[in-house]
2 protein chains.
Amino acid sequence: MLTAKSGIKTLEKGSVVTPDGFQAAGMHTGVKRKRNDLGMIYCDVPASAAALYTQNVIQAAPLKVTKKSIAEEGKLQAVIVNSGNANACTGKKGEEDAYTMRNAAAEELSLPEHRVAVSSTGIIGLDMLMDRILPNIKHLDLQMDQEAAAAFNQSILTTDAIKKSTCYQTVIDDVPVTIAGSAKGSGMIEPNMGTMLAFITTDAAIEPDMLQLALKDVTDQTFNCITVDGDTSTNDMVLTMASGKAGNASLTPAHKDWDVFVEMLQETCEDLAKMIARDGEGATKLIEVQVAGAADDEQAVQVAKTVVGSSLVKTAVYGADPNWGRIIAAIGRSGADVDAGTIDASVGPFQLLEHSQPLPFSETAASDYLMQDAITITVDLNVGDGFGKAWGCDLTYDYVRINASYRT
Amino acid sequence: MLTAKSGIKTLEKGSVVTPDGFQAAGMHTGVKRKRNDLGMIYCDVPASAAALYTQNVIQAAPLKVTKKSIAEEGKLQAVIVNSGNANACTGKKGEEDAYTMRNAAAEELSLPEHRVAVSSTGIIGLDMLMDRILPNIKHLDLQMDQEAAAAFNQSILTTDAIKKSTCYQTVIDDVPVTIAGSAKGSGMIEPNMGTMLAFITTDAAIEPDMLQLALKDVTDQTFNCITVDGDTSTNDMVLTMASGKAGNASLTPAHKDWDVFVEMLQETCEDLAKMIARDGEGATKLIEVQVAGAADDEQAVQVAKTVVGSSLVKTAVYGADPNWGRIIAAIGRSGADVDAGTIDASVGPFQLLEHSQPLPFSETAASDYLMQDAITITVDLNVGDGFGKAWGCDLTYDYVRINASYRT
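An unreviewed UniProt entry lists chain A under the name Arginine biosynthesis bifunctional protein ArgJ, with Lentibacillus juripiscarius as the source organism. As stated in UniProt under Function (unreviewed entry), the record for chain A gives "Catalyzes two activities which are involved in the cyclic version of arginine biosynthesis: the synthesis of N-acetylglutamate from glutamate and acetyl-CoA as the acetyl donor, and of ornithine by transacetylation between N(2)-acetylornithine and glutamate." Under the UniProt heading Subcellular location (unreviewed entry), the entry covering chain A gives this text: "Cytoplasm".

Quick look at the structure:
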């Protein structure tokens, strides 16, 4: 699929190892009972690195270590990730463990320690099972094939039901440039980086500061626009590594194809963000809320996030109930500038509200629409030109089941 | 029960008709299928009135009408309430209907129209069934007995599972002064007045502006500290009527017993707030979160609200899982000034965290504690002297069931 505008195409079978220079691995060590729990992405050259972290004041040990690694020279060659244990609220011991993981991986790969990042996800406050992780680092079987990428994808999951991966390619400076991403995230997801990890690889040539610039912009419109349950984790991280092996001229906003690169990064992140929202704990449906006519773009996103995060909207979508009352109530409490008399709202093709007044619509047809597995709610506030989107999921019995018994 | 400090006692069998001057009624008109859906509180003299309303920008028609009534002279003699239909987002017709309800009640009671307040709760966006409500106003059988108060209590409920009523008495200026309250609220409850109605009667002598002053203070520490699902309704109202028939000297902050009156009002509102939280849709447990050591009282409440409103904390409590990781994660994202290394947290008598580090505790005993129907979580941030409380409930399968099928 080519997007007409910029010649970006999806690589259906692409993964984090598709961009030139990257390998991956994933394995089971016993931190979790059955599924893979240790993974690695490796780049055969020092890659420009950019990262964003949770906005929670309580941050897990691996974040501290990764920040320190990147601060050194803005380059990474590997990230080691475990699931099953978040290594958060584990005090000095946890920090030592995160450094030990990093340094052991660096030694195994014959890299300077600061070229390795560390990431963890899972239960908070339990000591890391270092006796399972450490001896297994040398068994991580780095490969460039799809199986290795799939094994990595699997290794970063916790309560996720599906693997999350995407890949795009375009041509910049007459050479193919590829971006791919792999993510996890399912619960404790909230605007501003809930419990989610995303690892993005690209072979684009780009300096670390430029990569950070692009990543920040794109994250604000993608990962920061999803919510599952309003909770924000201690461990979230979006990490991007650019090998430069594509051979394009180094990307900056002055490059004629900067926008193409940013758009491709945005498509990558939006895909992963939507996959995370769709895979919200217990979710049966992806909900996209589009808000137009807000005072500005920021307020549009604020309204979209409030609607998609409302427990009452989420349960109504689960119950296939076109209950616009809950939509307008969420809009009204969003804190954005809203005129109580000018709100239009639709669920899919069914307009339910015009200027805040109910329109006649077929309840049965609208309910049928809501039984689909991807729902769009569109809102026009009619007060300005701001536009924004947010993504979430329905709230179901299974969300409760999963979270009432997470540790048992 | 007498509180040692101020001689305030609970009247176990008291209700909104216990304070001198008040009568109540409740009946079924057919707006709802079976249960009472129309109620009234009446005062035989013009009562000082004070009220607070939802902070949602979208406000239902009855709020507009009640504000107008009170603005006239600060006195009310009756409030007419229906459940089953919120009369919100019903446009001009809805506003006309609310005025028609008010005026019909005034005519029936031979009162000036502005002495009557109107309140509604239920589904948003449906036209009021005026043909059921209007002809029945004359059938409201105002009485001073407990049956009448119970019928009123019943008439204001929607998805509530329990009736909510409380009553306190003290002596001021050598005369008994009584305060009672009746409330509804179960879903769409959020700090800052979620979907809840509370009607408070007292025979204290107090001017409207002083009553408003006391009500505002007390509401900030009671009704504004509860959350069920983070949603805020279009219809919330706390309405207080003071008949003055107790015969005390008119209460102002200069009166020696002003604090006693405010404390009694606070106990009334706190009782009702906790009943609302405990009766959160699908809830099996009341959760109280107490936060000490915050930078100030406001931040303490902010942290308490964030913890008690966290879906992950709520599901953990439902699952009797002493998962302090979710508690500290919520604290970290609360926006309050927090030192990531100084947080203490306990669940009931079990201290789980000291200076943000896990303590050894009996998981079984803590889990047993969480199986009780009233849970206290205490937090000390150790950064200042601020203290605050908030109340909520667990998140259960039944919350989803109720809200996924509210209209069907």
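### As for the interface of chain A and chain B
Between chain A and chain B, the contact holds 50 residues from the first and 50 residues from the second. Counting each side, the surface lost to burial between chain A and chain B is near 4100 Å², with a carbon and sulfur contribution of 60%. Scanning the region where chain A abuts chain B turns up 0 salt bridges. At the boundary of chain A with chain B, the tally comes to 8 residue pairs in polar contact (both at pLDDT 80 or more). Among the secondary structure elements, those contributing two or more residues to the side of chain A that touches chain B are α8 (311-318), α9 (324-332), β14 (357-358) and α11 (397-404) of chain A. If one sorts the elements of the side of chain A that touches chain B by residue count, α9 of chain A sits on top with 7 residues. Along the lines of polarity and charge, the residues of the side of chain A that touches chain B split into 23 nonpolar, 18 polar and 9 charged.

### Comments concerning the domain arrangement of chain A
All names here are of chain A. Domain boundaries in chain A define domain 1 (2-278) and domain 2 (286-404). Taking the mean C-alpha position of each, domain 1 and domain 2 sit 31 Å from one another. Across the boundary between the two partners, domain 1 contributes 15 residues, which contact 16 residues of domain 2. Roughly 1200 Å² is buried in total at the junction of domain 1 and domain 2, and carbon and sulfur atoms are behind 61% of that figure.

### Concerning the nonpolar core
If you look at the biggest cluster of nonpolar residues, it comprises 103 residues, and the most contacted ones within it are F199 and L239 of chain A together with F223, F261, I331, I377 and L381 of chain B. Here this core takes 11 residues from helix α6 (residues 258-278) of chain B, the largest share from any one element. When near neighbours in sequence (up to four residues on either side) are disregarded, L239 of chain A contacts A50, A51, I70, L76, V79, A117, A198, F199 and I200 of chain A. Formed by 102 residues, the second largest nonpolar core is a distinct cluster that contains Y168 and F223 of chain A together with I124 and L239 of chain B.

### As for the packing of aromatic side chains
Residue and element names in this part refer to chain A. One pass over the structure, following the stated rule, counts 9 aromatic pairs over all chains. With a centroid separation of 6.3 Å and 40° between ring planes, the pair formed by W258 and F261 is classed as tilted. You can see W258 and its partner F261 sitting in helix α6 (residues 258-278), 3 residues apart, about one turn around the helix. If you follow K67 out to its NZ or CZ, it ends over the ring of Y53, 5.0 Å from the centre.

### Brief notes about the side chain of T396 of chain B
Along the polypeptide, T396 of chain B turns up in the loop between β16 (386-393) and α11 (397-404). Among the polar contacts made by the side chain of T396 of chain B, one reaches the main-chain carbonyl oxygen of G282 of chain B at a distance of 2.6 Å. Engagement of the side chain of T396 of chain B in a polar contact is seen with the backbone nitrogen of D398 of chain B, the distance being 3.1 Å. For T396 of chain B, the contacting residues outside a window of four places in its chain are V400 of chain A together with G282, A283, T284 and Y318 of chain B.

### Thoughts on unusual backbone geometry
Residues and elements named next belong to chain A. Positive phi is not limited to glycine here, since C89 has a value of about 55°. Position of C89 among the secondary structure elements: in the loop between β5 (75-85) and α2 (91-109). The class of C89 is buried, set by a relative accessible area of 11%. A positive phi angle, close to 70°, is found at S356, a residue other than glycine. Here S356 is to be found in the loop between β13 (350-354) and β14.

How each quantity is defined
- Residues numbered from 1 in each chain as written.
- Chains lettered and ligands numbered in written order.
- Predicted model: local features only at pLDDT ≥ 70, side-chain atom pairs only at ≥ 80, totals over all residues.
- Heavy atoms only, no water.
- UniProt positions renumbered as here; feature names shortened; annotations may be inferred.
- Contact = heavy atoms within 4.5 Å.
- Buried area = accessible area lost by both parts, 1.4 Å probe.
- Salt bridge = Lys/Arg side-chain N within 4 Å of Asp/Glu carboxyl O.
- Polar contact = N/O pair within 3.5 Å; in protein donor to acceptor, adjacent residues only side chain to side chain.
- Helix = DSSP H or I, 4+ residues; strand = E, 2+ residues; numbered from the N terminus.
- Nonpolar A, V, L, I, M, F, W, Y, C, P; charged D, E, K, R; others polar.
- Domains from an automatic or database assignment.
- Core = buried A, V, L, I, M, F, W, Y, C linked by side-chain atoms within 4.5 Å.
- Buried < 20%, exposed > 50% of the residue type's maximum accessible area, 1.4 Å probe, protein only.
- Phe/Tyr/Trp six-rings, centres within 6.5 Å; stacked < 30°, edge-to-face > 60°.
- Lys NZ or Arg CZ within 6 Å of the ring centre and 35° of its normal.

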